[in-house]
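Residues per chain are reported as follows:
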Amino acid sequence: MSKEWFILQFKSNSHHLAAKNLNRQGFETFLPLHDTTSRRLSRFINTSKPLFPGYMFIRFDRAESEWHKINNTYGVSRLITFNSILKSIPTIFVDHLMKRYDLSGKLLPIQKLKKGDQVTVLKGPFANFIATVEKYEADQRIWILMDLMGRKTKIQTPSDTLTLSD
């Protein structure tokens, strides 16, 4: 058998601890992160949070590894099972997801945007707003049109603050 991807639930705020301990035991982990902006008092705070809160991916060979020790690892809550049976998830799903992230699990910036693309703002005071690309400049700056209070407003932003909307 070969290595497969599985879903693991980690304990609250223990994703770094769980990943470190699992990697130390020889398991491959993937924890996709995304940057979020929150407002505290009068300041905006940027933080990285798991894309799937409470969950990460782990890869191992069921036949070759001692995967039963995963549930006893510090920071880990449990491996996800279906009707008490350990089920893998499609490798192609995780592979496609990994292509959008760098080695540290951070979302890579969008390479090519064109006029008319729908994007979501990731950082700053307009975080989570949806906008339309108006113009893409050579220095990675993008002009977007955003609907603010019933009016179309043109805003300039770096490309690493945007992601394509589905």
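(A) The arrangement of helix α1 (residues 15-24) in detail. Within α1 the residues assigned to the buried category are His15, Ala18, Ala19, Asn21 and Leu22. Looking at the packing, one finds that the buried side of α1 touches β1 (4-10), β2 (28-30), β4 (43-50), β5 (55-60) and β6 (76-79). Gly26 sits one or two residues past α1 and shows a positive phi near 95°.

(B) Quick peek at the nonpolar core. The biggest cluster of nonpolar side chains holds 17 residues, and the ones touching the most others in it are Leu8, Leu22, Met56, Ile58, Phe60, Ile70 and Leu79. Elements represented by at least two residues in this core include exactly β1, α1, β5 and β6. Ignoring sequence-local partners within four residues, the contact set of Met56 consists of Phe6, Ile7, Leu8, Phe10, His15, Ala18, Ala19, Leu22, Thr29, Phe30 and Leu31.

(C) Inspection of the packing of aromatic side chains at higher detail. Applying the stated rule across the entire model yields seven aromatic pairs. Aromatic pair Phe6 and Phe60: ring centres 4.5 Å apart, planes at 20°, arrangement stacked. Of this pair, Phe6 sits in strand β1 while Phe60 sits in strand β5, placing them 54 residues apart in sequence. Look at Phe60 and you get buried, because its relative accessible area is 2%. Ring pairing ties together the aromatic residues Phe6, Phe27, Phe60 and Trp67, which thus form one cluster. Of note, Lys154 hangs over the ring of Trp143, and the distance from its end group to the ring centre comes to 5.4 Å.

(D) Local environment of unusual backbone geometry. Its identity as a non-glycine residue notwithstanding, Asn13 has a phi of 55°, on the positive side. One can find Asn13 in the loop between β1 and α1. Of the residues examined, Asn13 reaches a relative accessible area of 71% and is grouped as exposed.

Reading the values: the criteria
- Numbering of residues starts from 1 in each chain and follows the order in which that chain's sequence is written.
- Predicted model: local features are reported for residues with pLDDT of at least 70 only, side-chain atom pairs are reported and counted for 80 or more only, and whole-chain, interface and lining totals are derived from all residues.
- Water and hydrogen atoms were dropped before computing side-chain values, which therefore reflect all heavy atoms in the structure.
- When accessible area is computed with a 1.4 Å probe and restricted to protein chains, residues below 20% of their type maximum are described as buried, those above 50% as exposed, and intermediate ones as partly exposed.
- Helix and strand definitions follow DSSP, with helices as H or I runs of at least four residues and strands as E runs of at least two, each counted in order from the N terminus.
- By the convention used here, residues are in contact when the closest approach between their heavy atoms is within 4.5 Å.
- Residue types Ala, Val, Leu, Ile, Met, Phe, Trp, Tyr and Cys, when buried and joined through side-chain atoms within 4.5 Å, form a set referred to as a nonpolar core.
- Ring pairs shown here join Phe, Tyr and Trp side chains whose ring centres sit within 6.5 Å, with only the six-membered ring taken for Trp; geometry is labelled stacked below 30 degrees between planes, edge-to-face above 60, and tilted in between.
- Whether a charge lies above a ring is judged from NZ of Lys or CZ of Arg, which has to be within 6 Å of the ring centre and within 35 degrees of the ring normal.

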